[in-house]
Amino acid sequence: MNLPWLAAAQQQLAHAAATGRLPHALLIHDSSGAGGVELARNFAQRVLCEATPDVCGRCASCRQAQAGEHPDLRLVVPDPEMKSGQITVDQVRELSAWLALSSHGGRGSCVVINPADAMNRQACNALLKTLEEPRPGAHLVLLTTQPARLPATVRSRCQVLRLTAPDRAAALAFLDEQSPGHRADWEAALDVLGPAPLEALDADRAHLRAIRDDIKHLLQQAQTGRLDVVRQAAHWSGQDMPLRLRGLEQALSAHVLRTASLSAPAVTLKIAAALALLDQVRELQGLLATTVSRPLAMEDMLWRLSAAVTAS
Ligand SMILES: [Zn+2]
């Protein structure tokens, strides 16, 4: 899949490869929807492709790398057996030993760690030696949306490539190209998810559209002073609560930034009030993983929304 907004990053890597300066350690500073995994895969192909320095996308190595089945490519993710969700020191020692061996195909080898910030302190320390004394042809890709969680000792030994998600227009153009004739669905999907077109592509479009319409309805009710807070809180605190909060976050952000969203601005809301609500939505998102009572937390949020709209 060609992601147009990655073109600049890909060109930068192509130039590095052409001049023999492909980084031994690349830290991809990803953001939601920006396609860091795609870029990591592209980087691995750059290391392994039989037509190097350019990536052909057709040779056996490229096809194996795309499928994640190349013998000289390893993907390291948190051990599913570990409840902590961490990448452990044993996993890092194992990958370091593997990376020290010469490659099967003789071109090079590549390890992708995703998310790199899942490495615990010991794992990061174990990685330092590999970062400091790389075997020629061995490449490491650290993928993370939160590089600040990695120790400076690790970050400083990597070349950092920062990715940003496409803006709404570019995201819509991409989705139209992937699946034409669903413009209204794609607009609704981005209204809920924000500019995350890859996520939109994988999501249930009809479901996202229903959620978007629900959010719009809620805001209209608040605007006309007819919001039934208790009933809506019960409805909103079900299994779709994370998506609904995400959609509300997008609607409030769009209101603050005065960008197009939810097809039409449904509420009059002072910027300060919208910002305060935005804070509360984000706080509530953080509480979703805890034992907080969802209906009560949602009810509190909706009372504040209702009061803020009435006062604006
Ligand atoms: Zn190839």
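Residues numbered from 1 in each chain as written. Predicted model: local features only at pLDDT ≥ 70, side-chain atom pairs only at ≥ 80, totals over all residues. Heavy atoms only, no water.

**Student:** Whenever I open this one, the overall build of the protein confuses me. Can you help?
**Tutor:** A count of helical and extended segments in the protein gives 14 helices and five strands. Taking the principal axes of the C-alpha coordinates as reference, the protein spans close to 70 × 45 × 30 Å. By residue count, 46% of the 312 residues in the protein fall in the buried class. Counting only contacts in the protein whose residues sit at least 6 apart along the sequence, the fraction spanning at least 24 positions is 71%. Carbon and sulfur atoms make up 52% of the accessible area of the protein, which totals about 15,500 Å². Computed over 31 positive and 31 negative side-chain charges, the inter-centroid distance for the protein is 4 Å. (Helix = DSSP H or I, 4+ residues; strand = E, 2+ residues; numbered from the N terminus. Buried < 20%, exposed > 50% of the residue type's maximum accessible area, 1.4 Å probe, protein only. Contact = heavy atoms within 4.5 Å. Areas by Shrake-Rupley, 256 points an atom, 1.4 Å probe, with all protein chains shown as cover. Lys, Arg positive; Asp, Glu negative; His and termini not counted. Charge placed at Lys NZ, Arg CZ, Asp CG, Glu CD.)

**Student:** What is the right way to read the coordination of the zinc ion from this model?
**Tutor:** When a metal holds four donors in a tetrahedron, each ideal angle between them is 109.5 degrees; when it holds six in an octahedron, the ideal angles are 90 or 180 degrees. The zinc ion binds to the protein through Cys49 (SG), Cys56 (SG), Cys59 (SG) and Cys62 (SG), with metal-donor distances spanning 2.2 to 2.4 Å. Each donor residue of the zinc ion belongs to the same chain, and together they define the spacing C-x6-C-x2-C-x2-C. Remark: Cys59 occurs in the loop between α2 (36-48) and α3 (60-66) and Cys49 occurs in the loop between α2 and α3; sequence separation between them is ten residues. The pair formed by Cys49 and Cys59 is uniform in burial state, with each residue classed as buried. (Donors = N, O, S within 2.8 Å, 3.2 Å for Na, K, Ca; no water.)

**Student:** Sorry, what's going on with unusual backbone geometry here?
**Tutor:** Excluding glycine, a negative phi dihedral is what most residues carry, and trans is how most peptide bonds are arranged. With an omega dihedral of -10°, the bond running from Asn114 to Pro115 counts as a cis peptide bond. Considering the arrangement of structural elements, one finds Pro115 in the loop between β3 (109-113) and α5 (121-132).

**Student:** How do you make sense of the domain arrangement of the protein when you look at a structure like this?
**Tutor:** Interfaces are often sized by the accessible area lost when the parts come together. Each assigned domain of the protein is listed with its residue range as follows: domain 1 (4-162) and domain 2 (168-311). Both faces combined, the contact of domain 1 with domain 2 buries some 430 Å², and carbon together with sulfur accounts for 74% of it. Three residues, Trp5, Ser32 and Gly33, lead the burial of domain 1 against domain 2; their summed loss comes to 75% of the area buried on that side. Applying the counting criterion to the domain 1 and domain 2 interface returns zero salt bridges. In the side of domain 1 that touches domain 2, the residues fall into two nonpolar, three polar and one charged. (Domains from an automatic or database assignment. Buried area = accessible area lost by both parts, 1.4 Å probe. Salt bridge = Lys/Arg side-chain N within 4 Å of Asp/Glu carboxyl O. Nonpolar A, V, L, I, M, F, W, Y, C, P; charged D, E, K, R; others polar.)

**Student:** I keep staring at the sheet that holds strand β1 (residues 25-29) and nothing clicks. Help me out?
**Tutor:** Strand pairing in a sheet is mediated by backbone hydrogen bonds. Such pairs are either parallel or antiparallel. Ordered in space as β2-β3-β4-β1-β5, the five strands form an open sheet in which the pairing is parallel. Each of the sheet's edge strands pairs with one partner strand only, and the pair in question is β2 (73-76) and β5 (159-162). Between one strand axis and the next, the sheet turns through 20° on average, direction left out of account. The sheet strands contacting α2 are β1, β2, β3, β4 (138-144) and β5, and the helix crosses β4 at an angle near 175°. (Pairing = 2+ DSSP bridges. Axes fitted to C-alpha atoms, helices over the stretch in contact; angles between N-to-C directions.)

**Student:** Is there a simple way to explain the confidence of the model for the protein in this structure?
**Tutor:** Looking at the protein, the pLDDT average stands at 90 and 97% of residues meet or exceed 70. Ranking the helices and strands of the protein by mean pLDDT puts β1 first, with 97, and helix α12 (residues 241-257) last, with 90. (pLDDT = per-residue confidence, 0-100.)

**Student:** Looking at this model, I keep getting lost on the packing of aromatic side chains. Mind explaining?
**Tutor:** The geometry of an aromatic ring pair is captured by two quantities: the separation of the ring centres and the angle between the planes. All chains considered together, the criterion is met by one aromatic pair. With a centroid separation of 5.1 Å and an interplanar angle of 85°, the aromatic rings of Trp5 and Phe174 are classed as edge-to-face. Of this pair, Trp5 sits in the segment before α1 (7-18) while Phe174 sits in helix α7 (residues 168-178), and the two are 169 residues apart along the sequence. For the pair shown, Trp5 and Phe174 are each scored as buried. Across the ring face of Trp186, the terminal group of Arg205 is positioned such that the distance to the ring centre comes to 5.0 Å. Taking NZ or CZ as reference, Arg244 lies 5.6 Å from the ring centre of Trp236, over its face. (Phe/Tyr/Trp six-rings, centres within 6.5 Å; stacked < 30°, edge-to-face > 60°. Lys NZ or Arg CZ within 6 Å of the ring centre and 35° of its normal.)

**Student:** Sorry if this is basic, but what is going on with the environment of Thr145 here?
**Tutor:** When you line up the elements, Thr145 lands in the loop between β4 and α6 (152-155). The partly exposed category is assigned to Thr145, whose relative accessible area is 42%. Distance from Thr145 to Ser31, taken between C-alpha atoms, is 5.2 Å for residues 114 residues apart in sequence. What Thr145 contacts, discounting residues up to four positions off in sequence, is His29, Asp30, Ser31 and Asp117.

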